[in-house]
Structure formats: structure tokens, C-alpha cells
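Listed here are the chains, written in short residue letters.
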Amino acid sequence: MTKRRVGVLISGRGSNLAALIDACRQPDYPAEIVLVLSNRADAGGLGRAAEAGIATAVVPHREHPDRESFEAAVHSRLVAAGCELVCLAGFMRLLTPWFVSRWRDRLVNIHPALLPAFPGLDIHRRTLEAGVTIAGCTVHFVREGVDDGPIILQAAVPVLPDDDEESLSARILAAEHRAYPRALALVASGSIRIDGNRVRTAGSTSPEGLLMCPDEALGLRPAGAL
Ligand code: GRF
């Protein structure tokens, strides 16, 4: 089986990266991570990648005079590693249209909200303040707008009455760790196509785009295969 070569961009602890690394260990998983790149030398995820024997790179944004030259450096590292797909996993730099267009339909992000609700930062506080009862995460293709682009998969979790930012973010993060590997598998296996702003799952009528986690909390059965 030919695995798609994936680069992962991180800025921090790298728990989503760790979930992707675990998934890629499965022999029948359709992707392999060939490069983990961070804009910060102190990103915890770099250690996780090194432990897994994955090549790492640091491209410090502060050492570049502007966004364009930073992105050109990131792009050339990805190309040199032979990356076919790029996953953003807690990468805390906004990307310019130049970079986004280079990787169009091959650049994926995870966001800890049910987009298009709550784009941007400070998601968990805003989620609690808004009083919503269902939160979650979204894996989507990246377009020029912030946290915008065709949605590959969403996972929903309940907001419980006693939640604070810590408990809510932990619940959403657990959903992220299930959703991202599943979404990357869909992209890497070529079983989805992009139709305008919508992602279609080829040859399937099942609701691949919906994962309910944790299913126990709501008494729901998971709709997806996880
Ligand atoms: C995650 O919540 C992700 O959704 C957001 O940044 C966070 C990264 O966490 N984009 P980690 O570094 O993967 O642990």
C-alpha cells in the first residue's frame, strides 16, 4: 500500500500530532508523517516526533523579516521532505494566500469548535460564555479566511453544567484525537472529494462527517467508524 507523505506543522505540545503518529503506526493507515516542523524550538511536539523517529525541523518565524519569507522557508522544507499533504496541528501562525494556494486541497487544520461557530482564539471561554450545550471540533481544508474551508469531519461533545475551560477543553481535545486521524485517513485514501464548500465521501452514504464523542454522555451511538 502506498502511503501519502504528510508534513505536520506545530507550535506547541503536540497532542494532536501524537494522535496522528499513533494512527500512522497502523499498517493499513494510508498516510505516514515524514516531517514535523515547528516555528518554535521549544515546542513539546518536536520531542514526540523525535521519539517516534520522525524527521523534525525548526523554522523560527522571528528570524524572518516577513511572513512571506517565513512561509517560503516552511514551504521549501515541506517540498524537500516530499510532503504531499500538510496537517496543521496547533500551528499558531496565520498563513498567507500564497502558502494556502500552494497547498490548496492538501492543507488540513483542526479547530476546537464546531465551525463556523467560534473561529479564532480563546475558543473554550467563548464557548462557555455563549451558553451552547454542544461543542466539539472540526477538521477542515484550509482556505484564505481564518478557520475557514470545506469541512471534512466534525466531532461533537456535550457542554456539561459544571464545565470550566479546563474540563471542556479536555473533553474537546479527546474528541480531536479521534477526529484528526479519521479525517486524515479520509483525505489520504482519496475517498473524499471537494464540491464547492462541501466535502463528499465517495461511494458512501454513511454520515462519515459526524462523530459523536463521547457517545456515552449523550446516550448516542457513534455514527462514524471510530
Ligand atoms: C488544539 O486544540 C487544536 O484544535 C488547536 O490547537 C490545539 C493544539 O493542541 N488548533 P496540541 O498541540 O495538538 O496538543
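Conventions we followed
- Residues numbered from 1 in each chain as written.
- Predicted model: local features only at pLDDT ≥ 70, side-chain atom pairs only at ≥ 80, totals over all residues.
- Heavy atoms only, no water.
- Helix = DSSP H or I, 4+ residues; strand = E, 2+ residues; numbered from the N terminus.
- Buried < 20%, exposed > 50% of the residue type's maximum accessible area, 1.4 Å probe, protein only.
- Contact = heavy atoms within 4.5 Å.
- Areas by Shrake-Rupley, 256 points an atom, 1.4 Å probe, with all protein chains shown as cover.
- 1 Å grid on protein atoms, 1.4 Å probe; cavity = no way out; pocket = protein on both sides within 12 Å on 5 of 7 lines; lining within 4 Å.
- Points joined across faces, edges and corners; volume = space filled by probe spheres on them.
- Nonpolar A, V, L, I, M, F, W, Y, C, P; charged D, E, K, R; others polar.
- Domains from an automatic or database assignment.
- Axes fitted to C-alpha atoms, helices over the stretch in contact; angles between N-to-C directions.
- Parallel < 35°, antiparallel > 145°, perpendicular 65-115°, else oblique.
- Near = heavy atom within 4 Å.
- Polar contact = N/O pair within 3.5 Å; in protein donor to acceptor, adjacent residues only side chain to side chain.
- Sits in = over half its atoms within 2 Å of the grid points.
- Pairing = 2+ DSSP bridges.
- Right-handed = clockwise from strand over helix to strand, strands pointing away.

Engineer: Mind showing me how you'd approach the overall build of the chain here?
Structural biologist: For the chain, the count of helices and strands is 7 helices and 10 strands. Relative to its 226 residues, the chain shows a buried fraction of 48%. Sequence separation of at least 24 residues holds for 64% of the intrachain contacts in the chain that already meet a minimum separation of 6. When the accessible surface of the chain is summed, it comes to about 10800 Å², and 51% of that surface belongs to carbon and sulfur atoms.

Engineer: When you look at the layout of surface pockets in this model, what are you seeing that I'm missing?
Structural biologist: Summary: where empty space remains is shown by rolling a probe the size of a single water molecule over the atoms. Counted as a void, the largest pocket has a volume near 950 Å³. Along the walls of the largest pocket sit 38 residues, with Gly-90, Phe-91, Met-92, Ile-110 and Pro-112 positioned nearest its centre. For the lining of the largest pocket, the secondary structure elements donating two or more residues are helix 1 (15-24), strand 5 (107-111), helix 5 (123-130) and helix 6 (165-188). A per-element tally of the lining of the largest pocket places helix 6 first, with 4 residues. Considering only residue class, the lining of the largest pocket consists of 17 nonpolar, 13 polar and 8 charged. Split by domain, the residues of the lining of the largest pocket number at least three in each of domain 1 (1-103) and domain 2 (111-139 + 150-226).

Engineer: What is the right way to look at the packing of helix 5 against helix 6 in this model?
Structural biologist: For any two helices packed against each other, the geometry is given by the interaxial angle and the distance between the axes. At a minimum axis distance of 9 Å, the contact between helix 5 and helix 6 shows a crossing angle of 110°. In terms of orientation, helix 5 and helix 6 fall into the roughly perpendicular class. Touching His-124, Arg-125, Thr-127 and Leu-128 of helix 5 are Glu-165, Leu-168, Ser-169 and Ile-172, all from helix 6. Tallied by class, the residues present in the contact of helix 5 with helix 6 amount to 3 nonpolar, 3 polar and 2 charged.

Engineer: Would you mind showing me how to read the site of the ligand here?
Structural biologist: Near the ligand the following residues occur: Arg-13, Gly-14, Ser-15, Asn-16, Gly-90, Ile-110, His-111, Pro-112 and Glu-176. In this structure, an oxygen atom belonging to the ligand sits 2.5 Å away from a side-chain N or O atom of Ser-15. Here Ile-110 contributes a backbone N or O atom positioned 3.0 Å from a nitrogen atom of the ligand. Relative to its unbound accessible area of 370 Å², the ligand is 86% covered by the protein chains. Put simply, the ligand lies in the largest pocket. Those elements that provide at least two residues to the shell around the ligand are helix 1 and strand 5. Split by domain, the residues of the shell around the ligand number at least three in each of domain 1 (1-103) and domain 2 (111-139 + 150-226).

Engineer: How should the pairing of strand 1 (residues 4-10) be read in this particular structure?
Structural biologist: The side chains of a regular strand alternate, residue by residue, between the two faces of the sheet. Of all 7 residues in strand 1, 5 are buried, a share of seventy percent or more. Judged from the 7 bridges that link them, strand 1 and strand 2 (residues 31-38) form a sheet pairing that is parallel. When the sheet's bridge partners are listed, Arg-4 is paired in strand 2 with Ala-31. For the handedness criterion, the β-α-β arrangement of strand 1, helix 1 and strand 2 is classed as right-handed. One ladder, built from 4 bridges, connects strand 1 with strand 4 (residues 85-88); its direction is parallel. Note on strand 4: the bridge partner recorded for Leu-9 is Leu-88.

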